[in-house]
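Chain and residue survey
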Amino acid sequence: MYDSFPPARTRLTHRPDNGRHPTVAALGKLGIALCIGALAVTSVGVHAQARARQAAQTEFEEEVVPQRYAANPEVDAFINDIVARDGFDRTELQKVFSRVVFSQTAARLAAPPATPGQKNWTNYEKRFLDNTRINGGVRFWNQNAATLARAAKAYGVPEEIIVAIIGVETIYGRNMGNFRTIDALTTLAFDYPPARNRSERMALFRKELENLLLYARERGVDPFSIYGSYAGAIGIPQFMPSSIRNYAVDYSGDGKINLTSDVADAIGSVANFLKQHGWQAGQPVVWNIAGDRGSQGLAEAGADGQPEPHWKLGDFIKAGMLMNEPKLDVGSALDTPVLIVDLPTPGQATQYRMGLTNFYVLTRYNRSFFYAMSVYDLADAIKAARAP
C-alpha cells in the first residue's frame, strides 16, 4: 500500500549483508533487539517467508552499493533529527546505516517512465479481475470466514472488500515482496530517482524510514529482518511502516502484531485502516450512471479528478442526469456527497461511475481511481462466485 505505486510485484532481491550482525547487546542501545519469540504463523506466512529467504539467498540485484550511507552528510542530518525527536542512540544508528546498501532495483522501479503512457482502465482491471484472484478470494474467504465475519461486524467493512484488498495487494499473501525494507526505504529517502516531485517523495520516504526504525524498536525486532516491496510496503496487506504503527491491530489475540505471518492480524488491520479513514458501514461505494448521451456528458463535465466527494447528487440530477440504480431513492439522496470516477481506455468511450464516501476511503489505501475501482469490482466478483 503506497500512494499511487502499484500493488506489490514479485521481485527477487539479494541478501546484501555479508558481515556479522551486531550483537543483541549492541542493538539494545538502539532499542532494537533480535526477535527471538515464536511467531503465530499460518500456512500463508510460512510459505511466503520460506520463498523470501530462498530468493534472498539465490538472487542478486544488478547493482548493490554498500557503505553508501556511512558518513553520508544527508543521512547524518537525518540521524541527528531522529536522535533529538525519538531518543535513538546516535552511535548505534550510525552502525545501522553503515550496513544499509543502496538498492538500484528499488530506485529503478520507483522512477517515473521516460515516456508516460496513456491510462488504460481495461488493461489495468484485467490484471486484478482474473480467475487467480477471484477463485483465490473465494478460498481465502472460506478459510478465514469466522475472522472476516468478526472484522466486518466490529469495523463495519464488508468481508468482500477486505478480501479484495488483500487479493489486489499480494494475491492473499503470495507476493509480499523480497526487498529488505530498510534498504528500499533508505534508497528512496536519499537517492530517489529524478522526478517532478522528487523532494516531496524523499521527505515522505524519510518519514517512513523513521517509522520503520520506531516500529522495530517498539516491537523488539531487528530492522534488517523486515522484508517487503520495493517501496517499503510490508506484509499480507502491504502496510507502510507508518500505517503499521497507526492502524495495525493484534486481531488474533496472541499479544503481537504480525502482518507477514498472521492472517487474522492482516484482516483486522485492513478493516481498522478503512474504518479509521471514514468507512461508512452499510453504505454503498459507487452508483452507476445511465448510459444516455446527456447523463454521460454531465459525468464527463463533473470528472475533475478530485478524490473526495465534493458534489451533491442533486447537482447532477437537477442538470438532467439519470441514474442506473433501480433501488436508489433519488429524491431522498439528493444531498449525498459524491464525486465522478473517470475510467479512460484509449480508443474507447471513457467509463464513468459515481463514487461516494466509501469510494474515497478506498483511495486512502492507494490514491488511484483505478485501484479503488478494481478493489470494488473484484469484491463484487468474489462475492458472486462464493454465492450458493
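Residues numbered from 1 in each chain as written. Predicted model: local features only at pLDDT ≥ 70, side-chain atom pairs only at ≥ 80, totals over all residues. Heavy atoms only, no water.

The name given to the protein in an unreviewed UniProt entry is Lytic transglycosylase, and the organism recorded there is Pandoraea faecigallinarum.

**Re the overall build of the protein**
Counted only if it meets this: Counting from the N terminus, the helices are the DSSP runs of H or I reaching at least four residues and the strands are the DSSP runs of E reaching at least two. Think of it in three bands: with a 1.4 Å probe and only protein chains considered, a residue is buried below 20% of the maximum accessible area for its type, exposed above 50%, and partly exposed in between. In this analysis, two residues are considered to be in contact whenever any of their non-hydrogen atoms come within 4.5 Å of each other. Note on areas: these come from Shrake-Rupley sampling with a 1.4 Å probe, and a residue is covered only by the protein chains present in the view.
When helices and strands are counted, the protein shows 17 helices and eight strands. Looking at the protein as a whole, 52% of its 388 residues are labelled buried. At a minimum sequence separation of 6, the contacts of the protein that also span at least 24 residues come to 76%. For the protein, the exposed surface amounts to about 17,300 Å²; the carbon and sulfur share of it is 49%.

**Concerning the pairing of strand β7 (residues 337-343)**
This is how it is decided: We treat two strands as partners when DSSP finds at least two bridges between them.
Burial analysis of β7 places five of its seven residues in the buried class, the great majority of the element. Pairing analysis gives two bridges linking strand β6 (residues 311-312) to β7, with the strands arranged antiparallel. Across the sheet, residue Trp-311 finds its bridge partner in β7, namely Val-338. As paired elements, β7 and strand β8 (residues 351-355) share five bridges and run antiparallel to each other. In the sheet register, Asp-342 faces β8, and the bridge partner there is Tyr-352.

**A short note on the packing of helix α13 (residues 263-276) against helix α16 (residues 357-365)**
The criterion, for reference: The axes used here are C-alpha line fits, helices contributing only the stretch in contact, and every angle between their N-to-C directions lies in the interval 0 to 180 degrees. Between 65 and 115 degrees an angle is taken as roughly perpendicular, under 35 as roughly parallel, over 145 as roughly antiparallel, and anywhere else as oblique. Note on convention: the crossing is left-handed when the near helix lies turned anticlockwise from the far helix by less than a right angle, right-handed when the turn is clockwise. Residues are grouped as follows: Ala, Val, Leu, Ile, Met, Phe, Trp, Tyr, Cys and Pro are nonpolar; Asp, Glu, Lys and Arg are charged; all remaining types, including Gly, are polar.
Taken N-terminus to C-terminus, the directions of α13 and α16 make an angle of 120°; their axes are 9 Å apart at the nearest point. Regarding the angle of α13 to α16, the classification is oblique. Between α13 and α16 the crossing geometry is right-handed. Across the interface between the two elements, Val-270, Phe-273 and Leu-274 from α13 touch Val-361, Leu-362, Arg-364 and Tyr-365 from α16. Within the contact of α13 with α16, the residues separate by chemical class into six nonpolar, no polar and one charged.

**Regarding the nonpolar core**
Counted only if it meets this: Buried Ala, Val, Leu, Ile, Met, Phe, Trp, Tyr and Cys residues that are joined via side-chain atoms within 4.5 Å together make up what is termed a nonpolar core.
Core analysis: the largest hydrophobic core is formed by 96 residues, its most contacted members being Phe-97, Ile-162, Ile-165, Leu-274, Phe-359 and Leu-362. Counting residues per element, this core draws most heavily on helix α17 (residues 369-386), at ten residues. When neighbours within four sequence positions are excluded, Ile-165 is seen to be in contact with Val-270, Leu-274, Leu-362, Tyr-365, Tyr-371 and Val-375.

**Some words on the packing of helix α3 (residues 73-86) against helix α4 (residues 90-99)**
Following both chains from N to C, one finds α3 and α4 inclined at 140°, their axes separated by 10 Å at the closest point. For the element pair α3 / α4, the angle class is oblique. In the packing of α3 onto α4, the handedness of the crossing is right-handed. When α3 is examined against α4, the residues Val-75, Phe-78, Ile-79, Asn-80, Ile-82 and Val-83 are found in contact with a partner set consisting of Arg-90, Leu-93, Gln-94 and Phe-97. Among the residues forming the contact of α3 with α4, the class breakdown is seven nonpolar, two polar and one charged.

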